[in-house]
Amino acid sequence: MEALGIWNYWGVVLLMMIGLYTVIARDHLVKKLIGLGIFQVAVILFYVSMGKVTGGTAPIIPEGADGSEVYSNPLPHVLMLTAIVVGVATLAVGLALVIRIREAYGTVEEDELQRQNRAGS
Amino acid sequence: MSEHLSALIVVLPLLAAPVCLLLRQTRMVRAWTSIVAWACLCMALTLLERVHTGGVITYAMGGWDPPLGIEYRLDALNAYLLVIVTAIASVVFPSGVILTDTSLPEGKAHLYFAALLLCLAGLLGITSTGDLFNVFVFVEITSLSSYTLISLGKNRQALTAAFSYLVMGTIGGTFLLVGIGFLYQVTGTLNMNDLALRLPELLGSRTILAGFAFLMVGGSIKLAVFPLHQWLPNAYTHAPAAVSAFIAATATKVSYYLLARIIFTVFGAAFVFDALHLHWLLMPLAIAAMFAGSLAAVFQTDLKRLLAYSSIAQIGYMTLGLCMASETGLTGGIVHLFNHALMKGGLFLAVACVVMRTGSSSVNAISGLGRKMPLTMAAIVVGGLSLIGVPGTAGFISKWYLVVGALERGWYAVSVLILLSSLIAVVYVWRLVETAFFGVPEHEVCEVPWTSWLPTWILIGATLVFGIWTDVTVGGASAAARALLGVTP
Amino acid sequence: MSIKPPMRMREKVLLRVASKAFIPLILLFALYVQFHGDFGPGGGFQAGVIFAAGFVLFGLIFGLEALQQVVPWSIVERAVALGLLVYGGVGVSCILRGGRFLDYGVLDHHSPMHGQHLGILIIELGVGLTVAATMLAIFYAMAGRGRA
């Protein structure tokens, strides 16, 4: 039963698997990118839930603080700000590639792309 | 200023990239890129010299002391890697073939050079930083710029190759991020040295084990360890030839450094090899890579793809050095980083020269070119001999250390396998020699201008020089190996 | 029987009027997020994206050509570079004033606290500029494709 208590991790694992499965199983390149996005979001949730301290508040020292307050850990959030930017950049590069692939091949289905690549080489 | 060198070597290319967008004219941007690469090489050499005389250099970013702040930490291994990366950059960037076989629209060349500089900055950042999360950020900077560079290849297959690399690379990078998260969760620190201090008492934890596994898999995808190498042949084949030269010679080397750093500095050889027996997993994969890569190279009809498969085999040799976890073995692996960077960089540049003249990179394209383009073809031959490991070339030195390392560990079968797989390299190199010197010329071409063959020969010539004069390469590598193993000289 | 072409967005009065009212507010809010980032949630990243969103909305309603007349591609490209250089310039000027890279404390020799403030303010300006310009660049690259 202990394993069920950490439900946030179950959520993260589930999302990661959904993302990874989409990347592997879908032929449509945009769907692959969406899968990749879900995969990255799972990791972001993992970090954010890691930073939560039970009973902790936002890590801003209020006036008249006596040192007994409990704060959540802000560092994972800051790290994830960077990871989100990385994710956005990856998505932008990926979509730009998809647009150019569509222009060059006239399709964004992976099996069709492979067929054309084989026929071309 | 001089104490800031370890930060400036990363900051300079990072800030030089936006300057490219302001300069805009291709000729000025080219000159600027080359100047930046040379400046980085000078800094790297100064840093290497300083590390060898004065020991580890640390730099606290923003004045925040580690482990709270981000620390840049250079020891013998980082400094050695910095020299490899900047040396390759300072030869490839100014070369005359840098724009060969790209599909850049008119007036967009400055963006290409900006991406090259960003890639350089990312590689130098991974190498210098002592902070795990900072490593992830620089890994992504490198990867994103290399996806862009690869997609600029002439054929449309470059696009699909870049897309598959993007998918694999992002999964690899995200795995690294998950691993870093696990380590942070247990230890509460991201600084590699601090981690090394805190980990030993926590090594039994299952979270740490999972984190280690994620880091290894993520790093192995980036390094293209067999069987995670699928992205590499297509990416190297369809990228512009100069980009292949730069990335093949530097990106895998830096990923190798990252794996070595995680294994030896963060977790420690005792845990990884004595407790987890990782070498029983990595060694068969390395040997499989040596044979599968070399065998696949034999059957390729495209020069760049042939070199890419040979890279997979060479990555196998380096990983083998990692598995030995002894001073000789690691020295062999690290010196092979240097030598392989030289020969693969030189060979890809030579192929770029061929593409420049014939417009094709197929093996048939060099048919009979031995007379028409003697300098380029001689470079291919010498580079090929070095890939085989013929005495007198740099490739011999690294294989020698690897074989000795295997014998020291009592792995006699492994040392025989190293020699056997080198014999396969003879086959594919001989094919090139035969086509180039005994084939019938298909193209009426002349030798490339000196701006193209000179950079090729600087790298190929260096493999000859460092095949005989080994003080610098082997000396630096063994110092790096000692730093990794924590042996004080 | 001819099919009427679909109405363009700029011909719809409601969209036109509403967007004209909203765009200044969006830009103003972006500036608030930018400069209030010192004291509350906010900062260059968020502000840059919000700022760019204002322009993207303009582009959606009035067309890409109209937007490119307001902010031409060459300006966007230079703004991306400029923001990064502002960021790096602060870092390098910290070195020149005797501190470490990005050690804002040395920016004001009398009060390191004030130096920290000044440093992060300029840094966030650079970040905001680059992020806004990058967002616009991505929008141009994707929306402008296949038209020329």
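Just so you know, these numbers come straight off a predicted model, no measurement behind them.

The rules behind these values
- Residues numbered from 1 in each chain as written.
- Chains lettered and ligands numbered in written order.
- Predicted model: local features only at pLDDT ≥ 70, side-chain atom pairs only at ≥ 80, totals over all residues.
- Helix = DSSP H or I, 4+ residues; strand = E, 2+ residues; numbered from the N terminus.
- Rg over C-alpha atoms; globule rule 2.2 N^0.38 Å.
- Buried ≥ 20, exposed ≤ 12 C-beta atoms within 10 Å, placed from the backbone.
- Contact = placed C-beta atoms within 7 Å.
- Nonpolar A, V, L, I, M, F, W, Y, C, P; charged D, E, K, R; others polar.
- Pairing = 2+ DSSP bridges.
- Axes fitted to C-alpha atoms, helices over the stretch in contact; angles between N-to-C directions.
- Parallel < 35°, antiparallel > 145°, perpendicular 65-115°, else oblique.
- Core = buried A, V, L, I, M, F, W, Y, C linked by C-beta atoms within 7 Å.
- pLDDT = per-residue confidence, 0-100.
- Left-handed = near helix turned anticlockwise from the far one by under 90°.
- Expected span 1.5 Å × (residues − 1).

Q: Let's hear about the overall build of chain B: which residues, and what values?
A: Per the secondary structure count, chain B includes 20 helices and 2 strands. Taking 2.2 N^0.38 as the reference for a compact globule, 489 residues should give roughly 23 Å; the C-alpha atoms of chain B span a radius of gyration of 21 Å, in line with that estimate. By its C-alpha atoms, chain B is 70 × 55 × 40 Å across when sized along the principal axes. For chain B, the proportion of its 489 residues judged to be buried stands at 66%. In chain B, once contacts between residues fewer than 6 apart in sequence are set aside, the share between residues at least 24 apart is 79%.

Q: Explain the overall build of chain A to me, and be specific about the residues and the numbers.
A: The helix and strand tally for chain A stands at 5 helices and 0 strands. The linear arrangement of helices and strands in chain A, starting from the amino end, is α-α-α-α-α. Its C-alpha atoms give chain A a radius of gyration of 21 Å, clearly above 14 Å, the size a compact globule of 121 residues would have. Principal axes of the C-alpha set define a box for chain A whose edges measure 70 × 40 × 15 Å.

Q: Residues and numbers for the interface of chain A and chain B, please.
A: By a widely used convention, the size of an interface equals the accessible area lost when the partners come together. Counting residues at the interface gives 25 residues for chain A and 21 residues for chain B. Of all the elements in the fold, those that place two or more residues in the side of chain A that touches chain B are helix H3 (29-51), helix H4 (75-105) and helix H5 (110-120) of chain A. Here the side of chain A that touches chain B gets 13 residues from one element, more than from any other, and that element is H4(A). For the side of chain A that touches chain B, a count of residues per class yields 18 nonpolar, 5 polar and 2 charged.

Q: Explain the pairing of strand S2 (residues 71-74) of chain B to me, using residue names and the numbers behind them.
A: Residues and elements named next belong to chain B. On S2, burial covers both faces: Glu71 and Arg73 on one face and Tyr72 and Leu74 on the other are all buried. As judged from the 4 bridges shared by strand S1 (residues 57-60) and S2, these two strands associate in the antiparallel manner. Along S2, the bridge assignment pairs isoleucine 57 with leucine 74.

Q: Outline unusual backbone geometry, supporting the account with residue identities and numerical values.
A: Residue and element names in this part refer to chain B. Between phenylalanine 226 and the following residue, proline 227, the backbone shows a cis peptide bond with an omega angle of -5°. Looking at the secondary structure, you find proline 227 in the loop between helix H8 (206-223) and helix H9 (231-238). A positive phi angle, close to 65°, is found at alanine 224, a residue other than glycine. Within the element layout of this structure, alanine 224 appears in the loop between H8 and H9. Even without being a glycine, histidine 277 presents a positive backbone phi close to 55°. Mapped onto the secondary structure, histidine 277 falls in the loop between helix H11 (269-275) and helix H12 (279-298).

Q: Before we move on, can you summarise the packing of helix H5 (residues 132-151) of chain B against helix H6 (residues 157-187) of chain B with the specific residues and values?
A: All names here are of chain B. Where H5 contacts H6, the axes come no closer than 9 Å and their chain directions differ by 175°. As judged from the angle between their axes, H5 and H6 are roughly antiparallel. Touching Leu132, Phe133, Phe136, Val139, Glu140, Ser143, Tyr147, Ile150 and Ser151 of H5 are Ala158, Leu159, Ala161, Ala162, Tyr165, Leu166, Gly169, Gly173, Leu176, Leu177, Ile180 and Leu183, all from H6. Of the residues that constitute the contact of H5 with H6, the class distribution is 16 nonpolar, 4 polar and 1 charged.

Q: Before we move on, could you go through the nonpolar core and cite the residues and values that matter?
A: All names here are of chain B. Membership of the largest hydrophobic core comes to 265 residues, with the highest contact counts inside it found for Tyr80, Leu117 and Ala352. Looking at this core, the element that brings in the most residues is helix H10 (residues 241-267), giving 19 residues. The residues touching alanine 352, leaving out its near neighbours within four places in the chain, are Val97, Thr100, Ala241, Ala242 and Ala245.

Q: Got a sec to walk through the confidence of the model for chain A? Specific residues and values, please.
A: For chain A, mean pLDDT is 86; residues scoring 70 or higher make up 95% of the total. For chain A, the element scoring lowest by mean pLDDT is helix H1 (residues 2-5) of chain A, at 66; H3(A) scores highest, at 92.

Q: Explain the packing of helix H14 (residues 327-358) of chain B against helix H20 (residues 471-485) of chain B to me, and be specific about the residues and the numbers.
A: All names here are of chain B. Where H14 contacts H20, the axes come no closer than 8 Å and their chain directions differ by 125°. What the angle tells us is that H14 and H20 run oblique. Considering how the two elements wind past one another, H14 and H20 form a crossing that is right-handed. Residue-level inspection shows Glu327, Leu330, Thr331, Ile334, Val335 and Phe338 of H14 in contact with H20, the latter providing Thr473, Val474, Ala477, Ser478, Ala480, Ala481, Arg482, Leu484 and Leu485. Partitioning the contact of H14 with H20 into residue classes produces 10 nonpolar, 3 polar and 2 charged.

Q: Any chance you could break down H4(A) for me, citing the residues and the numbers?
A: With 31 residues, H4(A) should cover 45 Å at 1.5 Å per step; its first-to-last C-alpha distance of 44 Å lies within 8% of that length. Residues of H4(A) that are buried include every one of A:Pro76, A:Leu79, A:Met80, A:Ala83, A:Val86, A:Gly87, A:Thr90, A:Val93, A:Gly94, A:Leu97 and A:Ile101, and no others. Buried residues in H4(A) make contact with H3 of chain A together with H5 and H6 of chain B. Looking one or two places after H4(A), you find A:Gly106, whose phi comes out positive at around 75°.

Q: Give me H20(B): which residues, what numbers.
A: Residue and element names in this part refer to chain B. Taking 1.5 Å per residue as the helical rise, H20 with its 15 residues ought to reach 21 Å, and the 21 Å between its terminal C-alpha atoms agrees with that figure. Among the residues of H20, Thr473, Val474, Gly476, Ala477, Ser478, Ala479, Ala480, Ala481, Ala483 and Leu484 are the ones counted as buried. Considering only its buried residues, H20 is in contact with helix H2 (26-54), helix H3 (76-92), H10, H14, helix H17 (394-408) and helix H19 (450-468). With its phi angle positive at about 75°, glycine 486 sits one or two positions after the end of H20.

Q: I'd like a description of the environment of B:Gln157, backed by residues and values.
A: Take B:Gln157: it is sitting in helix H6. Counting along the chain gives 106 residues from B:Gln157 to B:Ile263, while the straight-line C-alpha distance between them is 36 Å. Among residues more than four places away in sequence, those in contact with B:Gln157 are A:Asn117 and B:His238.

Q: An account of the environment of B:Gly359 is needed here, citing residue identities and associated values.
A: Topologically, B:Gly359 is positioned in the loop between H14 and helix H15 (369-372). Taking the C-alpha atoms as reference, B:Gly359 lies 16 Å from B:Pro449; in sequence the two are 90 residues apart.

Q: Tell me about the environment of B:Val85, and please be specific about residues and values.
A: Residue placement: B:Val85 occurs in helix H3. The contacts of B:Val85, once residues within four sequence positions are left out, are B:Leu123, B:Leu124, B:Thr127, B:Thr250 and B:Val254.

Q: Quick rundown of the confidence of the model for chain B? Include the residues and the values.
A: Confidence in the prediction for chain B averages 89 pLDDT; 99% of positions are at 70 or higher. We note a pTM of 0.93 for the whole complex and an ipTM of 0.93 for its interfaces.

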